[in-house]
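Each chain, written out:
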Amino acid sequence: MAPRPGAVDANQQTVADMKAARSRTSKVWDLRERLEKILVQEPLFDKQHRDFLGRTDQYIRAAAIINRLDELRWIHSWSEEEYTTASSLLSEVTSIALHDMAFQPVFLGQGSPALMENYWDLVYEKGIQGCYLQTELGHGTNVARLETTSTYIPETQEFEINSPSLTSTKWWIGALGKSATHGIVQAKLILPDGKDMGPHLFFVQLRSLEDHKPLQGITVGDIGPKAAGGMASQDQGFARFDHVRIPRTNMFSKFAEVTTEGSYIQPPHAKLSYGGMMYIRATSVNFLHFYPTVLTLYSSMIPSAGWAIAKAATVAIRYTTVRRQGEPDAKGLERQVLTYPSTYYRLLPILSRAFVFVELGRYTMKALTQMQQQLANRDTSLLPEMHALLCGLKVFVTTHGINDIETARRSMGGHGFSAFAGLGRLYIDYLPSATFEGDNFVLDGQVVRAATKLCKAVLSSTSAIAKLSLPSAYLRLLSATSEAPPQVTATTWHDVHSVVLLLEWRAALMVKNFTQTPASGDVDANVNQRLAKAVTEAFVAAQVGEMINNLAVLPSEDAKVVGCLYRLYLLTSAENALADLLSVGLIRHTGVGDPTQDLRLAVKALCLEVLPNAIGLTDAFGFSDWSLDSALGVFDGRVYEALWQRVQMEPMNKDEVTPAYAPYIRPMLQRGQAAAQQKMKLKSRL
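Residues numbered from 1 in each chain as written. Predicted model: local features only at pLDDT ≥ 70, side-chain atom pairs only at ≥ 80, totals over all residues. Heavy atoms only, no water.

Undergrad: I keep staring at the overall build of the protein and nothing clicks. Help me out?
TA: Along the protein, the regular secondary structure elements total 20 helices and 13 strands. The globule rule puts the C-alpha radius of gyration for 686 residues at 26 Å, and the 29 Å found for the protein is close to it. Taken over the C-alpha atoms alone, the protein extends approximately 90 × 75 × 65 Å along its principal axes. The buried share of the protein, taken over its 686 residues, is 52%. Excluding contacts between residues fewer than 6 apart, the proportion of contacts in the protein whose partners are at least 24 apart in sequence is 72%. Carbon together with sulfur atoms contributes 55% to the accessible area of the protein, which is approximately 31,600 Å² in total. (Helix = DSSP H or I, 4+ residues; strand = E, 2+ residues; numbered from the N terminus. Rg over C-alpha atoms; globule rule 2.2 N^0.38 Å. Buried < 20%, exposed > 50% of the residue type's maximum accessible area, 1.4 Å probe, protein only. Contact = heavy atoms within 4.5 Å. Areas by Shrake-Rupley, 256 points an atom, 1.4 Å probe, with all protein chains shown as cover.)

Undergrad: Where do I start with the sheet that holds strand E7 (residues 218–222) in this structure?
TA: The strands that make up a sheet pair up through hydrogen bonds in the backbone, lying either parallel or antiparallel. The strand order across the open sheet formed by three strands is E4-E8-E7, and the pairing between neighbours is antiparallel. In this open sheet, the two edge strands, each paired with only one partner strand, are strand E4 (170–173) and E7. Across the sheet, the mean angle separating the axes of adjacent strands is 15 degrees when strand polarity is ignored. (Pairing = 2+ DSSP bridges. Axes fitted to C-alpha atoms, helices over the stretch in contact; angles between N-to-C directions.)

Undergrad: Help me out: how do you make sense of the pattern of salt bridges in this one?
TA: When their charged atoms lie close together, side chains carrying opposite charge are able to pair. According to the stated counting rule, one finds 28 salt bridges in the structure shown. Taking the shortest distance from any N to any O, the salt bridge between Glu537 and Arg506 comes out at 2.5 Å. In this pair, Glu537 is assigned in helix H13 (residues 527–549) and Arg506 in helix H12 (residues 496–515), connecting sequence segments 31 residues apart. With a relative accessible area of 1%, Arg506 lands in the buried category. Among the ionic contacts, a cluster of salt bridges with common partners joins Arg50, Asp51, Arg61, Glu92, Arg425, Asp629 and Arg646. (Salt bridge = Lys/Arg side-chain N within 4 Å of Asp/Glu carboxyl O.)

Undergrad: Help me out: how do you make sense of the packing of helix H2 (residues 30–39) against helix H4 (residues 80–90) in this one?
TA: To describe two helices that pack against each other, one gives the angle between their axes and the distance between the axes. As a packed pair, H2 and H4 sit with axes 10 Å apart at the nearest point and diverge in direction by 65 degrees. Here H2 is positioned roughly perpendicular relative to H4, judged by the angle of their axes. Relative to H4, the crossing made by H2 is right-handed. Counting all contacts with H2, which are made through Leu31, Arg32, Arg34, Leu35, Glu36 and Leu39, the residues of H4 involved are Glu81, Glu82, Thr85, Ala86, Leu89 and Leu90. Classifying every residue of the contact of H2 with H4 gives six nonpolar, one polar and five charged. (Parallel < 35°, antiparallel > 145°, perpendicular 65-115°, else oblique. Left-handed = near helix turned anticlockwise from the far one by under 90°. Nonpolar A, V, L, I, M, F, W, Y, C, P; charged D, E, K, R; others polar.)

Undergrad: It is not clear to me how the pairing of strand E2 (residues 149–153) should be interpreted in this structure. Could you clarify?
TA: Within a regular beta strand, the side chains point alternately toward one face of the sheet and then the other, so they alternate between its two faces. Of all the five residues making up E2, four are buried; the element is thus mostly covered by neighbouring parts of the structure. Examined bridge by bridge, E2 and strand E3 (residues 158–162) share five bridges and lie antiparallel to one another. Among the inter-strand pairings, Tyr152 is bridged to a residue of E3, identified as Phe159. Here E2 folds back onto E3, and the loop between the two strands holds four residues, one of which, Gln157, carries a positive phi near 55 degrees.

Undergrad: Before we go on, may I ask you to explain the confidence of the model for the protein in this structure?
TA: Any residue range with low pLDDT should be treated as having predicted coordinates unsuitable for detailed reading. With 92% of its residues at a pLDDT of at least 70, the protein reaches an overall mean of 89. This model gives residues 23–28 a pLDDT under 50, and the stretch forms nine contacts once residues within four places in sequence are excluded. Predicted confidence is poor over residues 269–292, with pLDDT under 50, and the contacts of this stretch with residues over four places away or in other chains come to 93 contacts. (pLDDT = per-residue confidence, 0-100.)

Undergrad: Before we go on, may I ask you to explain unusual backbone geometry in this structure?
TA: Glycine aside, residues mostly have negative phi, and peptide bonds are mostly found in the trans state. For Ala175, which is not glycine, the phi dihedral falls at a positive 75 degrees. Secondary-structure assignment places Ala175 in the loop between E4 and strand E5 (182–190). Although it is not a glycine, Ala228 adopts a positive phi angle of roughly 55 degrees. The residue Ala228 is located in the loop between E7 and strand E8 (237–241) in this model.

Undergrad: Teacher, can you tell me more about the environment of Pro471 here?
TA: Looking at where Pro471 falls in the secondary structure, it is placed in the loop between helix H11 (440–460) and H12. The buried category is assigned to Pro471, whose relative accessible area is 16%. C-alpha separation for the pair Pro471 and Val535, spaced 64 residues apart in sequence, amounts to 8.6 Å.

Undergrad: Help me understand the pairing of strand E9 (residues 244–247), please; the structure alone is not making it clear to me.
TA: Every second residue of E9 is oriented toward a common face, the buried set being Val244 and Ile246 and the non-buried set Arg245 and Pro247. In terms of strand pairing, E3 meets E9 through four bridges, oriented antiparallel. Paired with Ile161 across the bridge in E9 is Val244.

Undergrad: Please clarify how a nonpolar patch on the surface should be interpreted in this entry.
TA: Residues Val657, Tyr661, Tyr664, Ile665, Met668 and Leu669 make up a contiguous nonpolar surface patch of about 590 Å² in total accessible area. Turning to its location among the elements, Tyr664 is positioned in helix H20 (residues 661–685). (Patch = residues over 30% accessible without salt bridge, like charges linked within 9 Å, V, L, I, M, F, W, Y side chains within 5 Å.)

In structure tokens, the structure reads:
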């Protein structure tokens, strides 16, 4: 149907709106562009039909994708970076991700020379597929209470892996359900004299390399569908071990081992005995045996959160740029949804977090690499603070990631609930990040313990200040000679240093107040969450300050636009911290006016400054329509056409009359019609 004379064709206007918003074409990184050209040629990697698949078909499709991606790795002789980039471009939830992110790093960080000699080539070339078996049915974050045992038998020089109870069943293990051939099992090491040495790691074959059947003594399977159908293509599994024997050399023994006679050799440095889930997960248990897995996972979660948020922001900003609602103006055009304050106030801070988290990920990966190099030389000096920092950042970025993806989806109104928008799938697949590899509320306690320990040292000795590392630099402010808090005025919010300093002072005062609370004193139930957030935000704010200082390397116009985005991040962080800033007295109510209004107006002003460049900033992420897989986030703005085309793929639309009509719908209609006719006859007689 043609539009009436003088009316605006809303569908055609979407293209014009997108062209107007995009002042210049976004730059796609050469590596991503080159790899994507290869990937899009593969029919198997087509994303548009996956929403119509059941869980089993999604798993089989994912397995086929893993196989084809590995074939392409061989065909094109991809480097590790190229393979990793190609995997990320696919944006698929696959079982092989656990092999790359958890299984392989443990071999590198914990494998003995003998274990590496026997298995590393198979691990690296994916001749075996691995998983990481930590969580049990009865215990997750509380690693100290895991029940699976590994008892050393000196007569045969073997360990016996056993699941002594139902609650000791390994549970939620990615790739275990149907895919993995081998696993790294976390189990309590029991010496011949019965002494429990706490959790250690053991290399266990799970399935035959001939026919993929589970080995004798191992019961293994899939734990079933996840909430709201999330992560459907990944086979989280369970496993029970019935006195399964493995060679002594299958213990990961880079830092601690058991001799042939059954004696336990302590790590050469006392702190190296802390091993696994991350330094001081429990004070009585050996944990460094599995720290590389979790530290690496936590570190990778930071840029991953940035990219997930970036996708959500890109889709929502593109859609709300071309979506028009409201009263027509003189040209007959309704208002672009993105220009409403209630929309840009939600979406532009999300965009700022995407940029910050991606950049922050580079810092954490670099710091983690430095720590791993020191650990290789038995130097554990960086471990405690790296543990606390990554715990805090894991909580911080995943909490924001979950909230931001859902906020972006809701900003798109009713169409955002369509699977074709793409954000529902992104949200439900990202949602478990708040609980896997450590529940966020539990990890907050790790951050607070580390912060209070350092705070006590600073308060008792000025010499401790000189030893503070970057993540704890905010505690320098507790020195009598430190920089005073800024006096908050309207101009404060336009000065980057002042905003960063306020957020650092907030953390320092909150930690000090908590540290000085008497042991008999009472604290609120949410204190760990408030303190951990303040401490983490202080570190991130300082990093953003450095990011702004380093923008000089960019062209002046680009530096100005990105600088506005980073400043928006700082101001919205301060806005979210207003309760704390008022609580510790950094902002005071003078009795006249609203002391927070200047900050809120500064946030609005920055949003309006960023707004004209919103599309260009999302283009900078380099997402193609293929990688986004969103009808509402298409590059050219033709969202209504894209949505219409997707609907035509719906299998239910292939039948003009549904198969449910004859057996179910028609009988009900006929009963209803007959009953209505009977009532009409009765009425006609009255």
